[in-house]
Amino acid sequence: MLQTYNYELDCISSRESFFLSTYALLVLIISLSLVLVLSVDIQGTFVYATLSSSSSLTEPITVGNLSSGLIPSAESVHNTETLELPQDTDAFIILIANEAHESWQDEKHKLLTDRNAYYIPTNLIIHEGTRITFLDADAPWDTPHPQTIDIVNRDTEEVVYSTGVLDYTNSSEPVGLSPGNYSIVNQDYDAKEGNILVLPDTGDQVSSSGNITANNLIVGGFYTSTHQVENNKDNDGLSHPGSLQYYTEELEKNGFAILSEHNFSYGTCDYCPGAFWPDNKSGDHTLIIYSTEQSL
């Protein structure tokens, strides 16, 4: 009986050793899997870490669109205030929106929107080799609103590019940036800063259709009133023909493709007629993301 008892103890000990060994092996496998997942996702984590400190975004930013060669929809750009471009993009036109001279802190109701209010987009992610330029659409109906935009390297705090003075409808000279993190700073008005993240060129020129392509795609964003406004006269007495239908026809007529549209409403003025600031003509607007292969 004693021999039988000792034999059973030996069996229990062997089973415990086996289970402990198996448990240790499972822990090791799970740990290695987590390390692998974290390593694969390090690029997306880097992008989030570099932009989240100065952005109003609450969701992590990933570079999924860059790897798949897709251009985000207007709805995505509006909701996330971020636009990622595939590597084959030649240039991006950053729009300085109407009423960009107004203060975010004191006069929110005068802005066109509370998302991408000063620039389309607030956060831009591009690859090295993609040029950028600014287009000033801040209309000066009462007084001029010249704008000087600086691009500042976040690490060195050095101004690496300045648009010079831009008046209404002016565009700046295009510029290419080295990989790194940059701020968009308005030297003339109390505007919310924008962000630019430039990723290194990997050498893979893959288009939005998945094919190798020449680097000739230009992308940009634009705001318009969704419907034809009742009062189409501006403060200077000239007519303002803008509406989604008008710009859809004009853009396509002039060689621009409308990639996507997103309708939104922003009217928060308690004392304004129709609950929106008169210079914006309406509370209903549309964000357009467009492209062209014409020369910049």
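Values in this document were obtained by computation on a predicted structure and should not be read as measured data.

**Q** Describe the pairing of strand β12 (residues 284-292), naming the residues involved and giving the relevant values.
**A** For β12, a buried count of 8 out of 9 residues is recorded, marking the element as mostly surrounded by other parts of the structure. Bridge count for strand β10 (residues 217-225) against β12 is 8 bridges, and the pairing is antiparallel. Bridge pairing in β12 places G220 opposite Y290. As paired strands, strand β11 (residues 257-265) and β12 are joined by 8 bridges and run antiparallel to one another. Across the sheet, residue F264 finds its bridge partner in β12, namely H285.

**Q** Tell me about empty space enclosed by the protein, and please be specific about residues and values.
**A** Which parts of space are left empty comes out when a probe the size of a water molecule is rolled across the atoms. Enumeration according to the criterion identifies 1 cavity of 30 Å³ or more in this entry. Approximately 50 Å³ is the volume found for the largest cavity. What lines the largest cavity is simply E81, W104, D114, N116, A117, Y118, Y119, T122, K192 and E193. Here the residues of the lining of the largest cavity sort into 4 nonpolar, 2 polar and 4 charged.

**Q** Outline the state of the cysteines, listing residues and values.
**A** Disulfides are covalent bonds that link the sulfur atoms of two cysteine residues. Scanning all chains against the criterion turns up 1 disulfide. Linked covalently through their sulfurs, C269 and C272 form a disulfide whose S-S length is 1.8 Å. Across the S-S bond linking C269 and C272, the dihedral sits near 65 degrees, which makes this disulfide right-handed. C272 carries the same exposure label as C269, and that label is buried.

**Q** With reference to specific residues and values, describe the confidence of the model for the chain.
**A** Looking at the chain as a whole, the pLDDT averages 80, with 73% of positions reaching at least 70. Here residues 1-20 is a poorly scored stretch, pLDDT under 50, and it has 0 contacts once near neighbours within four places are set aside; other chains count. Note on residues 206-214: pLDDT is under 50 here. Beyond four places in sequence and across chains, it has 14 contacts.

**Q** For the side chain of D138, give the residues involved together with the corresponding values.
**A** Relative to the helices and strands, D138 resides in the loop between β5 (131-136) and β6 (147-153). Buried charge without a salt bridge: D138, with K110 as the nearest opposite-charge side chain at an N-O distance of 11 Å. A distance of 2.8 Å separates a polar side-chain atom of D138 from the backbone nitrogen of E99. At 2.9 Å, the side chain of D138 and the side chain of H101 are in polar contact. Setting aside residues up to four positions removed in sequence, D138 forms contacts with I96, A97, N98, E99, A100, H101, H145, Q147 and Y168.

**Q** Describe the sheet that holds strand β9 (residues 194-199), with residues and values.
**A** Taken in spatial order, the 6 strands of this open sheet run β1-β4-β9-β8-β6-β7, and their pairing is mixed. Edge strands, defined here as strands with exactly one partner in the open sheet, are β1 (82-84) and β7 (159-166). Sheet twist, expressed as the average angle between the axes of neighbouring strands with direction ignored, equals 15 degrees.

**Q** Explain the environment of G237 residue by residue, including any values.
**A** Positionally, G237 belongs in the loop between β10 and α5 (244-253). Judged by relative accessible area, G237 falls into the partly exposed class, the value being 46%. Residues G237 and W141 lie 96 residues apart in sequence; the distance between their C-alpha atoms is 9.3 Å.

**Q** Talk me through the pattern of salt bridges; I want residue IDs and the actual numbers.
**A** Applying the stated rule across the entire model yields 4 salt bridges. Among the ionic pairs, D234 bridges to K281, the shortest N-O distance being 3.7 Å. In this pair, D234 sits in the loop between β10 and α5 while K281 sits in the loop between β11 and β12, placing the two residues 47 residues apart along the sequence. Take D234: its relative accessible area is 9%, and that puts it in the buried class.

**Q** Outline the nonpolar core, listing residues and values.
**A** Counting 47 residues, the largest nonpolar core has I94, Y119, L124, I132, F134 and I196 as its most contacted members. Every residue in contact with L124, bar those within four places of it in the chain, is listed here: L83, L85, F92, I94, I132, N195, I196 and L197.

**Q** Let's hear about α5: which residues, and what values?
**A** Of the residues making up α5, those classed as buried are L244, T248 and L251. Taken end-on, α5 shows its buried residues confined to a sector of 75 degrees, consistent with a single buried face. Counted as exposed and oriented over 90 degrees from the buried face of α5: Q245 and K253. Looking at the buried residues of α5, the elements they touch are β10, β11 and β12. Positive phi appears at G255, one or two residues downstream of α5, with a value of about 85 degrees.

Rules behind the numbers
- Residues numbered from 1 in each chain as written.
- Predicted model: local features only at pLDDT ≥ 70, side-chain atom pairs only at ≥ 80, totals over all residues.
- Heavy atoms only, no water.
- Buried < 20%, exposed > 50% of the residue type's maximum accessible area, 1.4 Å probe, protein only.
- Helix = DSSP H or I, 4+ residues; strand = E, 2+ residues; numbered from the N terminus.
- Pairing = 2+ DSSP bridges.
- 1 Å grid on protein atoms, 1.4 Å probe; cavity = no way out; pocket = protein on both sides within 12 Å on 5 of 7 lines; lining within 4 Å.
- Points joined across faces, edges and corners; volume = space filled by probe spheres on them.
- Nonpolar A, V, L, I, M, F, W, Y, C, P; charged D, E, K, R; others polar.
- Disulfide = S-S within 2.5 Å.
- pLDDT = per-residue confidence, 0-100.
- Contact = heavy atoms within 4.5 Å.
- Lys, Arg positive; Asp, Glu negative; His and termini not counted.
- Salt bridge = Lys/Arg side-chain N within 4 Å of Asp/Glu carboxyl O.
- Polar contact = N/O pair within 3.5 Å; in protein donor to acceptor, adjacent residues only side chain to side chain.
- Axes fitted to C-alpha atoms, helices over the stretch in contact; angles between N-to-C directions.
- Core = buried A, V, L, I, M, F, W, Y, C linked by side-chain atoms within 4.5 Å.
- Arc of directions from axis to C-beta.

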